Amino acid sequence: MLFVLPFMVMAILFSGIWFVDFQPFSATVQEDAFIAFSLPASEWGGMLLFGFLLLCMAYLIFFFTNRYKLLDQQTTLPALLFVLLGSVVAIHLSDIYWLLSAFLIMVALARLQTAINHLYVNAPLFDFGALLMCAIIVCPKLSFLLLWAVAVLIFSGRSTFRDFAALLVGLLFPVGLLAFWGYWTDTLDTLPERYFRLLWNGEWLDALPASECIRLAILGTFLLFAVLLIFSRYAVLVVNQRRGLFSFISFSLFLLFIPVLFPVGYYEVLFLFTLPLSVLYAHYFITNRLLWLGDVFFLLFLLACAIDYIMP
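Quick look at the structure, then. (Residues numbered from 1 in each chain as written. Predicted model: local features only at pLDDT ≥ 70, side-chain atom pairs only at ≥ 80, totals over all residues. Heavy atoms only, no water.)

## Concerning the nonpolar core
In step 1: Of all hydrophobic cores here, the largest spans 101 residues; its most connected members are Ile105, Leu145, Trp148, Phe271 and Tyr281.
In step 2: A total of 16 residues in this core trace back to one element, the largest contributor, which is helix H12 (residues 266–287).
In step 3: Those residues within four positions of tyrosine 281 in sequence are excluded, and the remaining contacts are Leu81, Leu219, Phe222, Leu223, Ala226 and Phe301. (Core = buried A, V, L, I, M, F, W, Y, C linked by side-chain atoms within 4.5 Å. Buried < 20%, exposed > 50% of the residue type's maximum accessible area, 1.4 Å probe, protein only. Helix = DSSP H or I, 4+ residues; strand = E, 2+ residues; numbered from the N terminus. Contact = heavy atoms within 4.5 Å.)

Here is the structure:
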């Protein structure tokens, strides 16, 4: 299945060009972004960068879910679910920054699983904090996830003073590098103004089209069943497996507050949701004993992925 994922991503990209008016990321960058870089000016270059980041995230999901045994068996199902849902949502992203930020968060989640499984090593917590702060620097509207970074340690068995100190040092390290860069370029005094400008720039979520309401209803109902199944199996889950799954549940809960607190795009938040949903849904499909219900939810999941093509 891992060999099929690149072809699936490219198929979704090509179909998005004709059916949902997908335009690969342009060569323009945000003038007030903390990290600005040149993007491929050609359509093919933007599409290749788009597909490369998506594939990296899919393979990373496969790697850490199997290495840390988050599921009851080795499987490529989380990577497959992420490609199916993440690709059709990502083609609506406004710029490359959100995709890059999601990739950093994915790596941070992987390092968090390492910290859960290695209780006496603090390097993964430093990496977790540094990667999460890098994602916030790229997209300041994710600042609310700082509270999640602190809260998730409590539910992950890493709540000692040394653990929080390692997390704090990791969070401050990219900030220190950013401050040094601002001092070196004589723009240090403008960094706070840039941060708040990016934080409140944009439009608040308003009415959603009917197709997106259907998609949210399907994904929300499925998520509720997946979470209830995890709580029903609480006693039989291995400790590290339970902590790992709860970290994804808590991540989903904190993501719900971002569109309420900050003016952020709908598809940007939905794409971040695909990170925990792919793992939680895979756990449901593997452990659900009502096979007919699993089949129904999988068909509904495919409907949610293809809703752009059915109701363009």
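Once you've had a look at it, read on.
## Quick look at helix H8 (residues 191–200)
In step 1: The complete set of buried residues in H8 reads Leu191, Arg194, Leu198 and Leu199. When H8 is viewed along its axis, its buried side chains cluster within an angular range of 130° and face the same direction.
In step 2: Buried residues belonging to H8 abut helix H7 (161–184).
In step 3: After H8 finishes, the residue glycine 202 shows a positive phi value of roughly 130°. (Arc of directions from axis to C-beta.)

## Quick look at a nonpolar patch on the surface
In step 1: On the surface, Leu290, Trp292, Val296, Leu300, Leu303 and Ile310 cluster together to form a nonpolar patch covering roughly 550 Å² of accessible area.
In step 2: No other element matches helix H13 (residues 291–305), which puts four residues into the nonpolar patch.
In step 3: Counting through the fold element by element, tryptophan 292 comes out in helix H13.
In step 4: For tryptophan 292, a relative accessible area of 57% gives the class exposed. (Patch = residues over 30% accessible without salt bridge, like charges linked within 9 Å, V, L, I, M, F, W, Y side chains within 5 Å. Areas by Shrake-Rupley, 256 points an atom, 1.4 Å probe, with all protein chains shown as cover. Salt bridge = Lys/Arg side-chain N within 4 Å of Asp/Glu carboxyl O.)

## Focus: the environment of arginine 194
In step 1: Tracing the chain through its elements places arginine 194 in helix H8.
In step 2: Looking at arginine 194, the relative accessible area reads 18%, which means it is buried.
In step 3: As a C-alpha pair, arginine 194 and proline 140 span 54 residues in sequence and 9.6 Å in three-dimensional space.

## As for unusual backbone geometry
In step 1: Within the chain, lysine 69 stands out as a residue other than glycine whose phi angle is a positive 55°.
In step 2: Tracing the sequence through the fold places lysine 69 in the loop between helix H2 (43–67) and helix H3 (77–90).
In step 3: We classify lysine 69 as exposed; its relative accessible area is 57%.
In step 4: At aspartate 186, a residue that is not glycine, the phi angle is positive and equals roughly 60°.
In step 5: The residue aspartate 186 is located in the loop between H7 and H8 in this model.

## Here's the deal with the packing of helix H6 (residues 145–154) against helix H10 (residues 239–255)
In step 1: Packing of H6 against H10 leaves a shortest axis separation of 10 Å and a crossing angle of 155°. Our classification of the angle between H6 and H10 gives roughly antiparallel. Considering how the two elements wind past one another, H6 and H10 form a crossing that is right-handed. Each of Leu145, Leu147, Trp148, Ala151 and Val152 in H6 lies in contact with H10, whose residues at this interface are Ser247, Ser250, Phe251, Phe254 and Leu255.
In step 2: Classifying every residue of the contact of H6 with H10 gives eight nonpolar, two polar and no charged. (Axes fitted to C-alpha atoms, helices over the stretch in contact; angles between N-to-C directions. Parallel < 35°, antiparallel > 145°, perpendicular 65-115°, else oblique. Left-handed = near helix turned anticlockwise from the far one by under 90°. Nonpolar A, V, L, I, M, F, W, Y, C, P; charged D, E, K, R; others polar.)

## Focus: the side chain of serine 87
In step 1: Secondary-structure assignment places serine 87 in helix H3.
In step 2: Reaching out from serine 87, the side chain makes a polar contact with the backbone oxygen of valine 83 at a distance of 2.8 Å. (Polar contact = N/O pair within 3.5 Å; in protein donor to acceptor, adjacent residues only side chain to side chain.)

## Observations concerning H7
In step 1: Taking 1.5 Å as the rise per residue, H7 with 24 residues should run 34 Å; its terminal C-alpha atoms sit 34 Å apart, in good agreement.
In step 2: Buried within H7 we find Asp163, Ala166, Leu167, Gly170, Leu171, Pro174, Leu178 and Gly182.
In step 3: Against helix H5 (123–138), H6 and H8 lie the buried residues of H7.
In step 4: The first or second residue beyond H7 is aspartate 186, which carries a positive phi of 60°. (Expected span 1.5 Å × (residues − 1).)

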